[in-house]
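# Structural characterization, general
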Amino acid sequence: MLIPFSMKNCFQLCCNLKIPAAGFKNTVKSGLILQSTSSNVYQNLAVEDWIHEHMNLESKPVLFFWRNSPSVVIGRHQNPWKECNLTLMREEGVKLARRRSGGGTVYHDKGNINLTFFTTRSKYDRMENLKLVVRALNAVQPQLDVQATKRFDLLLDGQFKISGTASKIGRTTAYHHCTLLCSTDGTYLASLLKSPYQGIRSNATASTPSLVKNLLEKDPTLTCEVLMNAIAAEYAAYHQIDNHINLINPTDETLFPGINSKAKELQTWEWIYGKTPKFSINTSFNVLYEQALLEIKVYIDIKNGRIEICNTEAPDHWLPREICDKLNSSFVGHKFCPVETTMLANVLLRNCPEDRELHSKWNFLCEKIKTMM
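One structure accompanies this document, and this report is about it. (Residues numbered from 1 in each chain as written. Predicted model: local features only at pLDDT ≥ 70, side-chain atom pairs only at ≥ 80, totals over all residues. Heavy atoms only, no water.)

### Observations regarding the state of the cysteines
Taken as a whole, this structure holds 0 disulfides when the rule is applied. Considering cysteine sulfurs only, Cys-224 is the nearest to Cys-182, which forms no disulfide, with 3.6 Å between them. Cysteine Cys-310 shares no disulfide, and the gap to the nearest cysteine sulfur, in Cys-324, comes to 8.6 Å. (Disulfide = S-S within 2.5 Å.)

Structure (structure tokens):
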């Protein structure tokens, strides 16, 4: 049963009173099952941060359900240029988010259920959580062949991945979150989680590609609502708590003081791109000039999302060395993003407005570099 999480029952939520003013003040005798009313990935990730930082989870575990509008979520130590198709995401309006936990890249939409299990650090147990999900699935459909793996994934029929896992372990608290594919757009998932960018060298955590399948393809009765209710019932029985799913608004500062600033931070360029581990791009492309193919080489070092070194090499008879050097120096210190590249492409217009051929070549190189972003 769904219960709106109003001020009347908000005081039942367990809190360790780190927040001095508003917010949850009393504790409860057992755990909670929460569900977000928002489909905004940044708001829902902010709820995870808030609970992890502020709630007293001693003998009061929390299960949090949340679903997002189309989004790609990368792990804390991942490289978005290597993990997904950023150009296609911009064209389609798909959000990119970086979570606080590790693990690989996942695609979210309303057909994917996100589950976050919050406990104390001493009671953190990913395998036990996954077994709970398996029991819930089997309670709804006993014929389902779903197994948890040593990598903490869930496999359907021994080969199709329906759930991936990530976690964050703090000093005293921890959370384990996982996905559950119910009716996700598989075509979108496949196209968005395939990077088109070439020549990237990085020590960032890499995702492991897997065959995936929706549970709805196996059984059309396995809707998101049915699955969430089944998991909630199994969780309540396991922890001996009320089987109530409490609806929460992740933007409500009276319930979660300071949460909107957390959501705002999660959508900044500095967090999403700037936290990418240092990487380099070493690639080349050809340009047709006077019926001959000329090779252009590009080497770029990126640190904290900004260009640290840019070295573009072009034949002198196609582009004078001093112009190439100006291009390279113009990029250094700037964000590795298409907006700033467009801005830099206009620099030559102001400096050399009469030389259309030179500007055309400068613009061509900038456009080529932009395709790497």
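From this point, the discussion proceeds with the structure in view.
### Here we look at the nonpolar core
Counting 72 residues, the largest nonpolar core has Trp-81, Leu-96, Ile-300, Trp-318 and Phe-336 as the members making the most contacts within it. Residue contributions to this core peak at 7 residues, all from helix α2 (residues 41–54). Core analysis: the next-biggest nonpolar cluster, separate from the first, contains 33 residues, Ile-113, Val-146, Leu-180 and Ile-241 among them. (Core = buried A, V, L, I, M, F, W, Y, C linked by side-chain atoms within 4.5 Å. Buried < 20%, exposed > 50% of the residue type's maximum accessible area, 1.4 Å probe, protein only. Helix = DSSP H or I, 4+ residues; strand = E, 2+ residues; numbered from the N terminus.)

### Considerations on the sheet that holds strand β13 (residues 200–202)
If you walk across this open sheet you meet the 4 strands as β13-β15-β16-β17, and the pairing is antiparallel. Strands at the two margins of the open sheet, each flanked by one partner only, are β13 and β17 (306–313). Geometrically, the sheet is characterised by an average inter-axis angle of 15° between neighbouring strands, direction not taken into account. Strand direction decides the pairing type here: β13 and strand β15 (residues 279–289), joined by 3 bridges, are antiparallel. The residue bridging Ile-200 from the neighbouring strand is Ile-281, located in β15. Against the sheet, helix α14 (residues 356–370) engages β15, β16 (292–303) and β17, with an angle of about 140° to β15. (Pairing = 2+ DSSP bridges. Axes fitted to C-alpha atoms, helices over the stretch in contact; angles between N-to-C directions. Contact = heavy atoms within 4.5 Å.)

### Structural notes on the sheet that holds strand β6 (residues 106–108)
Sheet architecture is open: 3 strands sit in the order β5-β4-β6, paired in mixed fashion. Both edges of this open sheet fall to β5 (95–98) and β6, since each of them pairs with a single strand only. The mean inter-strand angle of the sheet, taken between neighbouring strand axes irrespective of direction, is 25°. When strand β4 (residues 71–74) meets β5, the two strands line up parallel, connected through 4 bridges. Paired with Ser-71 across the two strands is Lys-95, which belongs to β5.

### Things to note about the pattern of salt bridges
If charged atoms from side chains of opposite charge come close, those side chains can pair. Under the counting rule described, the total for this entry stands at 13 salt bridges. We note a salt bridge from Arg-100 to Glu-265, for which the minimum N-O separation is 3.5 Å. With a gap of 165 residues between them, Arg-100 in the loop between β5 and β6 and Glu-265 in helix α9 (residues 259–266) connect regions that are remote in the sequence. For Arg-100, a relative accessible area of 22% gives the class partly exposed. You can call Glu-265 partly exposed: its relative accessible area is 38%. Of the charged contacts in the structure, one is a salt bridge between Asp-153 and Lys-161, with a shortest N-O distance of 3.8 Å. Sharing partners across several salt bridges, the network here consists of Asp-49, Arg-100 and Glu-265. (Salt bridge = Lys/Arg side-chain N within 4 Å of Asp/Glu carboxyl O.)

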